[in-house]
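Observations on the model geometry
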Amino acid sequence: MADILTPALGESVTEATIAKWTKKVGDPVKKDELLVELETDKVSLEVVSPADGVLGDIKAAEGDTVTPGAVLGSVSEGGAAAPAKPTPAKEAPAKAAKPAAAASEAVDINVPTMGESVAEGSMGKWLKKSGEAVKKDELLVEIETDKVAVEVSAPADGVLTIAADEGATVTPGQKIGSVAASAAASAAAAPSAPATGAAPANTGSAQVSGAKNETLSPAVQRVVAENNLDPKSIAATGPKGNITKADAIAAIGQSAAPAPAAAAPAAPRADQPREERVKMTRLRQTIARRLKESQNTAAQLTTFNEVDMTNVMALRSQYKEAFEKRHGVKLGFMSFFTKAVIAALHEIPAVNAEIDGTDIIYKNHYDIGIAVGTEKGLVVPVLRDADTLNLAGIEKGIAALGKAARDGSLSLDQLQGGTFTITNGGTYGSLMSTPILNAPQSGILGMHNIVQRPMAINGEVKIRPMMYLALSYDHRIVDGKEAVTFLVRVKELLEDPQRALLDL
């Protein structure tokens, strides 16, 4: 008898809810087969079978709350192997019936692994219908998770059979369809290629140059549709001559100039519906839930100040070329802000702490979350041990996290465990905002647009590049005096950046 135990749930996560059992008591199971899905306030987790056997009992039903190490159920070992083997034994005599073999040769299409802790995804639109011929490695469907979109291609030449419809929730390893890889099916697939691309032998571009959206992945279709792009004019760089999302995004800037001429006749909008209902993506649902939870849990308050960016901009302008030549990365503003924030966190430790029940956890490490806007929504990857990095290390770390966020390749570890967050609305032109806390953190700094404004300097009016700063904080743990002192300290270090470099 092997117990099924609740795994470790991650830093500061003390409990989870049973979302779904995939097997019933008495069902045969195999080792490492998915048995139960857990949900926490941060992620979904999968629990697999500890051994081959039969699911003996279920101690925690769907909806129950469990803690790490709790027994969820048990597996009676040795009972699953027996039912799994008889099928081949019975089919042995049927070896002579060779003509029937061609019809039974089908290759399953299974949901791939979708990343650490990603327990489920939603089926996108199938690019082919059941009964249609497909080619090996041809894109068939995109599965969307709360973090990334996963493309699923045909495992072989043949005829497609769909087992999971658009919008269905699926789990890693689940069968979503099959391809009948028989000789007849391969023959059916072969003629379709010359039929569509009868022109030159330019297979890659022929596949993408067709005006039909069916040849584009759902992610690319969204970019094309939202920006009125012509697929024929997009240069394809995909491994199979396909248009990637990056290709479509790059084409937006190239098509920006002719856009006004095309937009002029579209004034009446007679062909457009007055409303359109679109299901939220999983990432957007997660963002919405977590932001509302943060708002409901913490006593959030925001304090403001403004910073004169003259000295930081002068320092950056003076050394940016030498900096990039030496370190291979551009010198931006984020490294200065990160350095200033860490220095202020050292002085006001409550802003680097969090509440856990009736305890306060003071963090002696400085893992700074950097908010990144992506096509699918806001994510906050974490720059680990930022206090040990110099300006170049911070710039390189932020650049790598930003690229991973936009590519959808962030891991769970890169998205959790931050102690404080910085968000820069100024990149979008924001003058002022009140950022929402990234729970369970107790502070978040909002940067904004740099604006030339008249300022009184030693009795004279001078034009200075000014930025408003906003610190949102959890008033349950951070007092107003501490919040104001923290923000003033950040302001001082930015207006005199040498202080941070000299540790003054």
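In the block above lies the structure referred to throughout.
In this report, the structure presented in the accompanying data block is examined. (Residues numbered from 1 in each chain as written. Predicted model: local features only at pLDDT ≥ 70, side-chain atom pairs only at ≥ 80, totals over all residues. Heavy atoms only, no water.)

Describing the pattern of salt bridges
In this structure the tally under the stated criterion is 15 salt bridges. A salt bridge links E492 to R489; the nearest nitrogen and oxygen atoms lie 3.5 Å apart. Highlighted residues: E492 and R489, both in helix α13 (residues 480-495), separated by 3 residues, approximately one helical turn. On the basis of relative accessible area, E492 is assigned to the partly exposed category, the value being 38%. According to the relative accessible area criterion, R489 is buried, its value standing at 11%. A single network of salt bridges, built from pairs that share partners, joins E347, R489 and E492. (Salt bridge = Lys/Arg side-chain N within 4 Å of Asp/Glu carboxyl O. Helix = DSSP H or I, 4+ residues; strand = E, 2+ residues; numbered from the N terminus. Buried < 20%, exposed > 50% of the residue type's maximum accessible area, 1.4 Å probe, protein only.)

Focus: unusual backbone geometry
That bond from A439 to P440 is cis: its omega, 5 degrees, falls within 30 degrees of zero. By the element assignment, P440 lies in the loop between β24 (420-424) and β25 (443-447). Notably, D32 is not glycine yet its phi reads approximately 70 degrees, a positive angle. Owing to a relative accessible area of 54%, D32 belongs among the exposed residues under this scheme. One non-glycine residue with positive phi stands out, namely D137, at about 75 degrees. Positionally, D137 belongs in the loop between β11 (133-134) and β12 (139-144).

Observations regarding the pairing of β25
Of all 5 residues making up β25, 5 are buried, and the element is well covered by its neighbours. Where β24 meets β25, 4 bridges bridge the pair, whose relative direction is parallel. For T421, the partnering residue across the bridge sits in β25 and is I444. In this structure, β25 lies alongside strand β27 (residues 460-474), joined through 4 bridges in antiparallel fashion. Of the residues in β27, the one forming a bridge with G443 is Y473. (Pairing = 2+ DSSP bridges.)

It is worth stressing that arrangement in space is one thing and function is another; only the former is reported here.
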